[in-house]
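So the chains spell out like this:
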Amino acid sequence: MFPERIETDRLVLERLCHEHVDLQEFYRICSDGDGSEEMDEVTRYMPWDPHATINDSKEFVDRCEKQWDDAEAATYFIRPREGEGGAGEFAGNAGLSIDWDRRTGTLGTWLRKRFWGRGYSGERAAALMDLAFERLDLDCVAVTHHADNEKSRRAIEKYVEAHGGRCDGRLRNWVPYGDEIADEYRYTVTQAEYRDATED
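Let us look at the structure shown here. (Residues numbered from 1 in each chain as written. Predicted model: local features only at pLDDT ≥ 70, side-chain atom pairs only at ≥ 80, totals over all residues. Heavy atoms only, no water.)

### Considerations on the side chain of Arg-79
Within the secondary structure, Arg-79 is located in strand E3 (residues 73-80). The side chain of Arg-79 is buried and forms no salt bridge, while Glu-14, the nearest opposite charge, is found at 4.1 Å. There is a polar contact of 3.3 Å between the side chain of Arg-79 and the backbone oxygen of Gly-88. Beyond its immediate sequence surroundings of up to four residues, Arg-79 is in contact with Arg-10, Leu-11, Val-12, Glu-14, His-20, Gly-88, Glu-89 and Phe-90. (Helix = DSSP H or I, 4+ residues; strand = E, 2+ residues; numbered from the N terminus. Buried < 20%, exposed > 50% of the residue type's maximum accessible area, 1.4 Å probe, protein only. Lys, Arg positive; Asp, Glu negative; His and termini not counted. Salt bridge = Lys/Arg side-chain N within 4 Å of Asp/Glu carboxyl O. Polar contact = N/O pair within 3.5 Å; in protein donor to acceptor, adjacent residues only side chain to side chain. Contact = heavy atoms within 4.5 Å.)

### Focus on the state of the cysteines
One pass over the structure, following the stated rule, counts zero disulfides. Here Cys-17 stays unpaired: no disulfide links it, and the sulfur of Cys-64, its closest cysteine neighbor, is 9.5 Å away. Judged by relative accessible area, Cys-17 falls into the buried class, the value being 3%. (Disulfide = S-S within 2.5 Å.)

### A short note on the pattern of salt bridges
Applying the stated criterion to the full structure yields 20 salt bridges. With a closest N to O distance of 4.0 Å, Glu-89 and Arg-112 form a salt bridge. Here the residue Glu-89 occupies a position in the loop between E3 and strand E4 (92-99), and Arg-112 occupies one in the loop between strand E5 (104-111) and helix H4 (120-135), the gap between them amounting to 23 residues. Taken together, the shared-partner salt bridges connect Glu-4, Arg-15 and Asp-69 into one network.

### Re the environment of Asp-32
Mapped onto the elements of the fold, Asp-32 is located in the loop between helix H1 (23-31) and helix H2 (38-42). Overall, the relative accessible area of 12% leaves Asp-32 in the buried class. Residues Asp-32 and Trp-116, 84 residues apart in the sequence, show an inter-C-alpha distance of 17 Å.

### Here's the deal with unusual backbone geometry
In this model, Ala-71 sits at a positive phi of 60 degrees, which is unusual for a non-glycine residue. Structurally, Ala-71 is set in the loop between helix H3 (54-69) and E3. Judged by relative accessible area, which is 16%, Ala-71 ranks as buried. Even without being glycine, Asn-173 reaches a positive phi, approximately 50 degrees. Checked against the element boundaries, Asn-173 lands in strand E7 (residues 166-177). Using a relative accessible area of 56% as the deciding quantity, one classes Asn-173 as exposed.

### A word on the environment of Pro-50
As for its placement among the helices and strands, Pro-50 is situated in the loop between H2 and H3. Owing to a relative accessible area of 22%, Pro-50 belongs among the partly exposed residues under this scheme. Distance in space between the C-alpha atoms of Pro-50 and Thr-144 is 20 Å, their sequence separation being 94 residues.

Laid out in C-alpha cells, this is it:
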C-alpha cells in the first residue's frame, strides 16, 4: 500500500524497518549518544523523550513495522540526496498516520539539528501529501504542533499555505508532554484545496 522509497528533489525517504536500519546508529542518534545534548533540543516540543536504551529504539522500529503492515502509518528515514550537505546521512524521520474512518492522514516529522533551516520539512510534507491524496485518495491531511514551538509553526504555516490549507485553531489540553498536557495548533489541507493549489 505504501511505497518503500520516495524521492524528492533533495531528499530520499526510505521505509523505517529493521531491514533498513542500523539499530546501533539509530539508538546513538535518538539517545544523544554523542553527548551533544542535541536530542534534548530536538524533543523539547515532542511527546517523546530521547531513547534511554537500545530496546527503546528497537521497540520504536517494531511499532513502525506493525503500523506499516496494518496500514495504519508509513514511517520513513529522511536522507539528503547527493549534492546536499550530509548526503546519505540519517537526517530524521517522516511519518503519515492514517485514520481510515475519517479519511484523514496526519503528518509527523523530526530532524536532527544540523539539518534544520534547509526547508526539508516542507519538502517532506509535499511528498507525503502527494502520497495521501494521489495514491491513498484521502480527503484531508492534518498536522499539529506544540503551541510554544515557533520553529514548527513557521515551517508548517509556510507549507500548509502553499498547498491551500489553513490553521483550524488551538486544541487545548490536547497531548501529554511528560508530566504536562500541552495545547497544540492544528492545520489541515483538503484534497480539493490541494488540487487547486498544485494544478499547473
